[in-house]
Structure formats: C-alpha cells, structure tokens
Amino acid sequence: MSSQASSNPSDDQPEQKRFYVNFNQDNTSLCIGDKNDWKILDINDGEDVRPSYKGATEEVYIIEKLFASSLVAVVTVDAPRMLKVRHYKRGTEICNYTYASSILNVKMNRQRLCVVLRDSCHIHDIHTMTVLHTIGETPPNNNGLCDLSWGDPKSHLLAYPSSITAGYVQIFDTSHLVARITIKAHESPLVAMTFNPEGTLLATASVKGTLIRIHNVMDGTRVVAFRRGLSRCVNIHSLRFSTCGRYVGASSNTETVHIYKLPEKIVKAATAGTWTSYFSYYLPTRLADSLDTERDFATTHLPVSDMKKVIGIKEVGGYLRLLVATEDGFLFIYNIDKETGMVSLSKKINLINDSQHQTPSTSDGSSNLSTCTGPTEGPTLLGSYAGIVKGNPPGQMSESDKMRVVLEATAVPPKDIHLNYEQEYPPLAQD
C-alpha cells in the first residue's frame, strides 16, 4: 500500500537546481552539496532533523561521512583528483591525497577508505591513510559503482563491476587484500549494488531495472530475487538495505520507491554472527528461481520523477522509517508499518531553506552551527600523516591530535553501532 505526497506547486518549491545528496552508512546523517557550499544534517531517528555543519564556499560532488563521527571525505569540482579528509566539527583538514585521475566514488568504514577511479580502486588504511593496495586495470567504471561493507568490524568487503557487457560483480577482501569471488548477478550491466549491514549479502540491479537480486557473497549463490516491475525498464538510482538488514529499498527515475522484505530464514542466516553458520546455508537454485516473482512489501509515490533520489531505511520503534532525499532539494520522511506495509508521509523538508530547521545554540544564545575555518588545501599526503603539519599554525591540531581524532572516530562502540554522536564518539574537547 502507498501514500502519495501532494504534487501541487507551493511557495517552498526550490528553483530548478541539482544537489548532491548522500546518506552516511547508518542513515544518521544526510550530506548535501551544491554550487555554493555543502552541509550536513543530523537525522537521528528521523523526527529531529537539524543542520550540524555548513562547509566552506566550494562546489563538491562527493561527500562521504563516517557514521556519527565528525570525519568526512570530500572531493571538490575545482580539484577532482584530490581527496580531502576533514574533522568538520573542528574545521580542520586531517589530510589530503591526490590521484592520477578524477575520483568517481569514495567509501569508508572503520578500517578502510576506498577510492574508485575510472580504471582502478585504491584501498587505504583509514587510520594512517597509507595506500595498502591498488586494484589496477579494472573494467571502465564510468559511474564509480561500488560498495564497501560497514556493519561488521571483522568484514571489510569491496564490491565493484568486473565487466562492462554483463552483470558481473567482483568481491574483494580489503582486510587480507585478496580477490574472493566473482558473482554473475545479471545478464545485463550493473547500475546499483549494496551490502547488508553484516556484509554477508549483496543486493544488485542491472540496467533493465526489473529485478533486484540478493546474493550470498561467499559462494555467489542467489538466495532471493524481487521483481520491481515488468512494464518498462528503469534506471535504478539508489539501492539500500535497512540498518536492521530485514528490508531492501530501491528508487529509480520513476516516482515510485519500492521496499522489499527478506524471508525470515535468510535474515536469520545472514545475522547468525559467524560466517560459517551463514555460509553453510543457501537456497536451492530451483527455489531461488521461484522467488523471482516476489513483489514489494511497500511502495510510496513521490511528487517527482526523472531526477536522482537516494534512500535510507532504518527501524524506529514499531515502524520502519524511509528517508528519501532528492536532487532538487527535498527530504521526504515516511513511516512504514512493519505488519501491513502501510506507508504514511511524516515530513517533507526543504533542504535549501534552513529556516525550517532549528539551529542548535549554545548556553549564551549564539549559534553552534559549525563553519569550516581550517585550511581547504594542503600538501599531498604520501602514504601517512608524516609532514602534514609543520609547526602547528594557530587553529590547527597537532599531528598526534589528528591521529587521535581518527582513532576515536573509527573505534567500534562496545554494544551498539547505532548510537548518537555524544554516546558513540565523545568529543575530545569543547569545540
């Protein structure tokens, strides 16, 4: 069942602009960029959405934020070959690294940072930014398509296309720096892929956009498939698992967002806690084929189509919360009943008009919205933090402080990775 937001024009409709929009790994933040600047919104449970940072005046086309920490990787239009890693709360650039060609995608987890170029992938140790491995001469990857597993601290898998003529996926182990398996996911070339939080399943979609397939990443077995539709081929814009791993969502160039529910046996196997217990289980091919006719659990229709929409799905209380950010500058927040699949629109937020949000303030009433005051350029990083800081100019952290910031930001919380900023990453000092 579905709920459709009103498509009538209103005063809050922005001009025809295009924004870069990207959720972080666990959907606790939304990163936004346009020609003027970039900013970060804290989403939390979806009820309290507020701006936490407004960046320097620069046009960015990649922003990747590490969970609820203040570490963010950005790539600007003016310097498309340079990756900058920043602590945005302090307005400090941790390091930067320059590559041989334009950066097309960046993915991070608590151990690895992966940079995708058209013909190669570069794997860094996120603590030192040392280049651990370069996957060279990959098939042309013009869209920088890839995903990096993030939920399990013991699983660090990178997925990327291994063919430009068919839907083959290469699974690469970034912990041991070895290729694991090539999965034949689709007959047609790939347009989207995403890991579940445990890094045990991979969802894929091809240029046809009619099927969403879920694969066992150890042996390549297709464990279930969902049918998006038959009437026409679509361009899948965003494919994401929910943070609980029980659902997967897909948005496309149509106005419809589809949510699919994984069979309980697959969910239990995927979250069993050990690779052995999961990978000893798979569905027979005949049964997997019969599941190709599985349809969506829930759908909703946005008042926009033919533009990029990225999605995030999280479990909040008795509801699923669907987050949809559009490149024309809106964030839609939906509630989905987990029993019935009923969808209701909770909020529509204009990402351009900050007056719709409550800006956090300090005890004296002044604004606490961070603004980047640190350097926006710096020396090229040559495999480590050595040489980044010379004499610690005013406003900059020392090299040891920068290392400490990264170590604390990438530390695994003791019990639950889905915590708020103050719980998960206590501040080093008062900002």
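Keep in mind the model is a prediction, meaning the values are calculated, not measured.

Draft legend 1. Structural view of the pairing of strand β7 (residues 82–87). With 6 of 6 residues buried, β7 is to be regarded as a mostly interior element. Residue alternation in β7 divides its side chains into two sets, Met82, Lys84 and Arg86 and Leu83, Val85 and His87, and both sets are buried. Pairing of strand β6 (residues 71–76) with β7 involves 4 bridges; the strand directions are antiparallel. What sits directly across from valine 74, in β7, is lysine 84. In the sheet, β7 pairs with strand β8 (residues 92–98) via 6 bridges, with the strands oriented antiparallel.

Draft legend 2. Focus on the side chain of glutamine 25. Turning to its location among the elements, glutamine 25 is positioned in the loop between β1 (20–23) and β2 (29–33). Of the residues examined, glutamine 25 reaches a relative accessible area of 7% and is grouped as buried. Of note is the side chain of glutamine 25, whose polar atom sits 2.8 Å from the backbone nitrogen of phenylalanine 67. Only 2.9 Å separates the side chain of glutamine 25 from the backbone oxygen of methionine 108, close enough to count as a polar contact. Residues contacting glutamine 25, with those up to four places away along its chain left out, are Glu64, Lys65, Leu66, Phe67, Met108, Trp150 and Arg240.

Draft legend 3. View of the sheet that holds strand β24 (residues 298–301). With respect to topology, 4 strands assemble into an open sheet ordered β21-β22-β23-β24, the strand pairing being antiparallel. Two strands bound the open sheet, and with one partner strand each, they are β21 (236–241) and β24. Sheet twist, expressed as the average angle between the axes of neighbouring strands with direction ignored, equals 15°. The pairing of β21 with strand β22 (residues 247–252) spans 5 bridges and is classified as antiparallel. Residue arginine 240 lies in a different strand from β22, and its bridge partner there is glycine 249.

Conventions adopted
Residues numbered from 1 in each chain as written. Predicted model: local features only at pLDDT ≥ 70, side-chain atom pairs only at ≥ 80, totals over all residues. Heavy atoms only, no water. Buried < 20%, exposed > 50% of the residue type's maximum accessible area, 1.4 Å probe, protein only. Helix = DSSP H or I, 4+ residues; strand = E, 2+ residues; numbered from the N terminus. Pairing = 2+ DSSP bridges. Polar contact = N/O pair within 3.5 Å; in protein donor to acceptor, adjacent residues only side chain to side chain. Contact = heavy atoms within 4.5 Å. Axes fitted to C-alpha atoms, helices over the stretch in contact; angles between N-to-C directions.

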